[in-house]
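Reading the structure
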Amino acid sequence: MMAFSARIAQRALAGRYLFLLCLWCGVVAAPACRSLEASPGQRHVIAADSEWKEWDVLDTKRGLPVQLDRWIESLSGYDIVYVGEEHHNHSHIEAALKILRSLVDRGRHPTLALEMFGWDGQEALNRYAGGGYDQADRTAFVTQSRWTQNWGGSLEDYAPLLDFAREHHLIVRAMNPPKSLIRSVVKKGIAGVRGEPEWSRWGLDRETIVDDPLYREKILEQLQQCHGGGAPEDYETMYQASMVRDEAMAKTLAEAWESTREDGTTRGPIVSYTGGGHIQYKLPVPKRVARRLADHVKQITVYLTSFDPARKAEISESMNEGIADYVWLTPLGPQGPPRRCR
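Rules and cut-offs
Residues numbered from 1 in each chain as written. Predicted model: local features only at pLDDT ≥ 70, side-chain atom pairs only at ≥ 80, totals over all residues. Heavy atoms only, no water. Buried < 20%, exposed > 50% of the residue type's maximum accessible area, 1.4 Å probe, protein only. Helix = DSSP H or I, 4+ residues; strand = E, 2+ residues; numbered from the N terminus. Pairing = 2+ DSSP bridges. Salt bridge = Lys/Arg side-chain N within 4 Å of Asp/Glu carboxyl O. Arc of directions from axis to C-beta. Contact = heavy atoms within 4.5 Å. Phe/Tyr/Trp six-rings, centres within 6.5 Å; stacked < 30°, edge-to-face > 60°. Lys NZ or Arg CZ within 6 Å of the ring centre and 35° of its normal. Core = buried A, V, L, I, M, F, W, Y, C linked by side-chain atoms within 4.5 Å. Axes fitted to C-alpha atoms, helices over the stretch in contact; angles between N-to-C directions. Parallel < 35°, antiparallel > 145°, perpendicular 65-115°, else oblique. Left-handed = near helix turned anticlockwise from the far one by under 90°. Nonpolar A, V, L, I, M, F, W, Y, C, P; charged D, E, K, R; others polar. pLDDT = per-residue confidence, 0-100. Polar contact = N/O pair within 3.5 Å; in protein donor to acceptor, adjacent residues only side chain to side chain.

Counting buried residues along strand β6 (residues 267–275), eight of its nine residues qualify, which places the element largely inside the surrounding structure. Note: strand β3 (residues 80–85) against β6, six bridges, orientation parallel. Of the residues in β6, the one forming a bridge with Gly-84 is Thr-274.

Next comes the structure, spelled out in structure tokens:
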């Protein structure tokens, strides 16, 4: 009976983790996170009484707003633009569209990489971006892209990004391995799934899943804060699942980068659109991409966050810690200010 109860508790914790995994990637985690990458000597101390407003883009080294049009124009000079959102916030979709539209208007042909889709939905994404599926086929697209299994919620929240890509004939990349594989890692750990067909089916048997000490410290701390009471082995497999997801997303972006180099100078940059947690301090995905490409890639991180004047101290602290290259302040979403644990 005790063994059975332990299994039930582990499954419940794993289920909560999968829910947390989707939330964590879109959450500002400033108060509990110390700077893991930034050198404090390279930054001005940003005061919490700064005069900021919605839609300001803040240079995190100075805490000052940049000139929006010039800044967006400058993004065309990068290979990968990381945009980190709070999930299901329409203002964050609008911000990403501003970037994509600016790139297209300047004759570029960006690739859009989306966390919201798994690799098992890539074929349907290709068909959608290529003009397949009319409005009446939206249900078929949801089914064939495996949207519900890999993400869930309303597709309409993210449809503007898909429709923009479709209208401008942009390549769209699904960033994640299938959710079923991540569930297996949560239950069994990486060692337990290495020999399974799904691991090799998606090419992960040829990948090195790097266990970065700074990344480990940060992720385990957040998991334990949000889900206290678990056994150490439970947190370890949850951590490994996070590591697999971020490494897999880095794999997707590195492969997309190689493709843009082969296709000519007008293709690119890659616009990576994920939850903010996947770009914080450049540890989760950008650092893994840089490792894969031997630092030959020019990257920039843009952290989208809902702006509430009452959060100025929190936002200041996150910028002092170097949470991203830029923080873009947006109107509040329907869920209100971001929270670490929900």
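Once you've had a look at it, read on.
As a further point, take the pattern of salt bridges. Using the criterion set out here, one finds 19 salt bridges in the structure. Put simply, Asp-56 and Lys-53 hold a salt bridge, and the shortest N to O gap is 3.1 Å. Salt-bridge contacts for Arg-292 lead to Glu-207; the nearest nitrogen and oxygen are separated by 2.8 Å. Residue Arg-292 is located in helix α12 (residues 286–292), and its partner Glu-207 is located in the loop between α9 (197–201) and α10 (213–226); the two are separated by 85 residues in the primary sequence. For Arg-292, a relative accessible area of 26% puts it in the partly exposed group.

Our next topic: helix α4 (residues 122–129). Among the residues of α4, Gln-122, Ala-124, Leu-125, Tyr-128 and Ala-129 are the ones counted as buried. Mapping the buried residues of α4 onto a view down its axis gives an arc of 160°, with all of them on the same face. As for α4, its buried residues are in contact with β4 (109–118), α5 (138–144), α7 (159–167) and β5 (172–176).

A word on the packing of aromatic side chains. Per the counting criterion, the structure on display carries 12 aromatic pairs. Judged by centre distance (6.2 Å) and plane angle (90°), the rings of Trp-151 and Tyr-158 are edge-to-face. The exposure class assigned to Trp-151 is buried, which follows from its relative accessible area of 12%. Relative accessible area serves as the criterion here: at 2%, Tyr-158 is assigned to the buried category. Joined through ring pairs, the aromatic side chains of Phe-117, Tyr-128, Tyr-133, Phe-141, Trp-147, Trp-151 and Tyr-158 make up one cluster. A cation over an aromatic ring shows up here: Lys-98 above the ring of Trp-55, its NZ or CZ 5.7 Å from the ring centre. The aromatic ring of Tyr-133 is capped on one face by Arg-127, whose charged end is 4.1 Å from the ring centroid.

The subject of this paragraph is the nonpolar core. In this structure, Trp-52, Trp-199, Val-244, Leu-253 and Val-289 are the most contacted members of the largest nonpolar core, which totals 51 residues. Listed by contribution, the elements that provide at least two residues to this core are β3, α8 (179–193), α10, α11 (232–263), α13 (312–320) and β8 (326–330). Counting residues per element, this core draws most heavily on α11, which supplies 13 residues. Setting aside residues up to four positions removed in sequence, Val-244 forms contacts with Ile-182, Val-185, Ile-190, Trp-199, Leu-204 and Ile-209. Grouped together as the second largest cluster of nonpolar side chains are 41 residues, Ile-72, Phe-141, Leu-161 and Leu-162 included.

Right, let's get into unusual backbone geometry. When glycine is set aside, most residues are seen to have a negative phi, and most peptide bonds are trans. Residue Pro-269 is bonded to the preceding Gly-268 through a cis peptide linkage, with omega at 0°. In this structure, Asp-295 takes a positive phi of about 60° despite not being glycine. By the secondary structure assignment, Asp-295 is in the loop between α12 and β7 (299–306). According to the relative accessible area criterion, Asp-295 is exposed, its value standing at 60%.

On to the environment of Phe-307. Mapped onto the fold, Phe-307 is located in the loop between β7 and α13. For Phe-307, a relative accessible area of 6% puts it in the buried group. Separated by 253 residues in the primary sequence, Phe-307 and Glu-54 have C-alpha atoms spaced 6.2 Å apart.

Close contact between helix α3 (residues 90–105) and α7 brings their axes to 10 Å; oriented N to C, the two are set at 10°. As the angle between them shows, α3 and α7 are arranged roughly parallel. Remark: the crossing between α3 and α7 carries right-handed chirality. Here Ile-93, Ala-96, Leu-97, Leu-100, Arg-101 and Val-104 of α3 lie close against α7, whose contacting residues are Pro-160, Leu-161 and Phe-164. Tallied by class, residues from the contact of α3 with α7 come to eight nonpolar, no polar and one charged.

Turning to the packing of α4 against α7, a few remarks are in order. The geometry of α4 relative to α7 is characterised by a closest axis approach of 8 Å and an angle of 60° between their N-to-C directions. Judged on the interaxial angle alone, α7 and α4 are oblique. Between α4 and α7, the residues in contact are Leu-125, Tyr-128 and Ala-129 and Leu-162, Asp-163, Ala-165 and Arg-166, respectively. Residue composition of the contact of α4 with α7, by class: five nonpolar, no polar and two charged.

A few words on the confidence of the model for the protein chain. Across the protein chain, pLDDT averages 86, with 84% of residues at or above 70. Contacts from residues 26–41, a stretch scored under 50 in pLDDT, to residues over four places away or in other chains number 50 contacts.

Moving on, we come to the side chain of Asp-59. Note on placement: Asp-59 falls in strand β1 (residues 57–59). Assessed through its relative accessible area of 13%, Asp-59 is described here as buried. Looking at Asp-59, its side chain comes within polar contact range of the main-chain nitrogen of Lys-61, at 2.9 Å. Excluding anything up to four places from it in sequence, Asp-59 contacts Leu-64, Val-66, Asp-325 and Tyr-326.

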